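Coordinates in review
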Amino acid sequence: MFREAGVQGLVERLINGDKRALARTISRVETGGEDVPELVRGLYPYTGGAFSVGFTGPPGVGKSSVIAELIRIYRAEGMEVGVISVDPSSPFSRGAILGDRIRLADHFLDSGVFIRSMGSRGHLGGLAAASKLGALAMEAYGVDVVLYETVGVGQGEVEVASVADTVVLALQPGSGDAVQALKAGVMEVADVICVNKSDHPQAKAAAREARQALEIGHELDPESPLPEIVMTRGDAGEGVEELRRAVDDHRGHLTESGGLERRRMGSIQEFMLSWTRAKLEDRMRQRLDRQDEDLVNKVYRRELDPISAAETLYREV
């Protein structure tokens, strides 16, 4: 039973294809209202039918232009697409979002495409928990594929692997991105490598650099297949069809090997841990702010060590 008729009505409109209900649901899960558990409980039985692809890579590599062309291909086949673009800036100021997502503007008026930009809210992985819940809302609405776009290549960006079925790492020629991605650990979670701006004079060299970086990682895990490297030019649409085939091939491999089920089970586990960790941290902060100033003072006066104080706080919460 839903505690609020409004929540139940919102879920019903969502699963019946009401686009406004979808937008309102995502807004609620993004702001983290008290009715979020009710919303998720209501829509969750209608999820699980969409395939998800996560795009990560440094700013300026052209992820948005590649995604725009990929959307065009999916729409030509009659598929409905949901896009979640996670941006480090505020989702209200729109300063960076409008600049970074300009290539997606062609699809804003397409009823078969739903695009949502979200601020990362300081979340280390660049993918706030709200983005995962937003994708679930899109699945319940009925999209066939969910595309995640994250900003930057850093240690935290490996979190995209915990929410997407297939991870595409976009690299730029002449920038040393492959080496940086290898050092950051992003190369280890990439399922497909996209070297964008293939008309660049150093594009082939960038592909070789990426292959060498992959082989270094492959020596550590020889059982895992080497990701396919695809050359694209997002602004002209070149190579994006090949990228789509590489994504489909990876999906087929996951399905046949049982990897898709294992990956999705792992995603559920990671989300549960992330949500629990965030709730616990929030409770602990509230407890410290309201009641345990004396505990902090004891640590400051060296009457108590910080680990013992933390253990006390943990047991009480």
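Up top is the structure these notes are about.
For the structure given in this document, a descriptive report is provided here. (Residues numbered from 1 in each chain as written. Predicted model: local features only at pLDDT ≥ 70, side-chain atom pairs only at ≥ 80, totals over all residues. Heavy atoms only, no water.)

**Section: the packing of helix H9 (residues 240–257) against helix H10 (residues 259–290)**
Closest axis-to-axis distance for the H9/H10 pair is 5 Å, and the angle between their directions is 90°. The angle between the axes of H9 and H10 places the two elements in the roughly perpendicular class. Between H9, through His-250, Leu-254, Thr-255 and Ser-257, and H10, the contact on the second element is made entirely by Gly-259, Leu-260, Arg-262 and Arg-263. Residues that form the contact of H9 with H10 fall into these classes: 2 nonpolar, 4 polar and 2 charged. (Axes fitted to C-alpha atoms, helices over the stretch in contact; angles between N-to-C directions. Helix = DSSP H or I, 4+ residues; strand = E, 2+ residues; numbered from the N terminus. Parallel < 35°, antiparallel > 145°, perpendicular 65-115°, else oblique. Contact = heavy atoms within 4.5 Å. Nonpolar A, V, L, I, M, F, W, Y, C, P; charged D, E, K, R; others polar.)

**Topic: the pattern of salt bridges**
Side-chain pairs of opposite charge can arise where the charged atoms are in close proximity. Scanning the model with the defined rule gives 17 salt bridges in all. For Arg-28, the salt bridge is made with Asp-35, and the minimal N-O distance between the two is 2.6 Å. For Asp-35, a relative accessible area of 14% gives the class buried. One continuous salt-bridge network, built from bridges that share partners, spans Glu-77, Arg-244 and Asp-248. (Salt bridge = Lys/Arg side-chain N within 4 Å of Asp/Glu carboxyl O. Buried < 20%, exposed > 50% of the residue type's maximum accessible area, 1.4 Å probe, protein only.)

**Here we look at helix H3 (residues 36–43)**
Looking only at H3, the buried set comprises Val-36, Glu-38, Leu-39, Gly-42 and Leu-43. Buried residues of H3, viewed axially, fall in a sector of 160°; they line one side. (Arc of directions from axis to C-beta.)

**Things to note about the nonpolar core**
If you look at the biggest cluster of nonpolar residues, it comprises 30 residues, and the most contacted ones within it are Leu-14, Leu-22, Ile-26, Ile-84, Met-138, Val-146 and Tyr-148. Contributing elements (two or more residues each) for this core: helix H1 (5–15), helix H2 (19–31), H3, strand S2 (81–87), strand S3 (113–119), helix H6 (129–141) and strand S4 (145–149). Per-element tally for this core: the top contributor is H6, with 8 residues. In contact with Leu-14, not counting residues within four places along its chain, are Ala-21, Leu-22, Thr-25, Leu-43, Ala-137, Ala-140 and Tyr-141. Of all hydrophobic cores here, the second largest spans 25 residues; its members include Val-53, Val-81, Val-113 and Cys-194. (Core = buried A, V, L, I, M, F, W, Y, C linked by side-chain atoms within 4.5 Å.)

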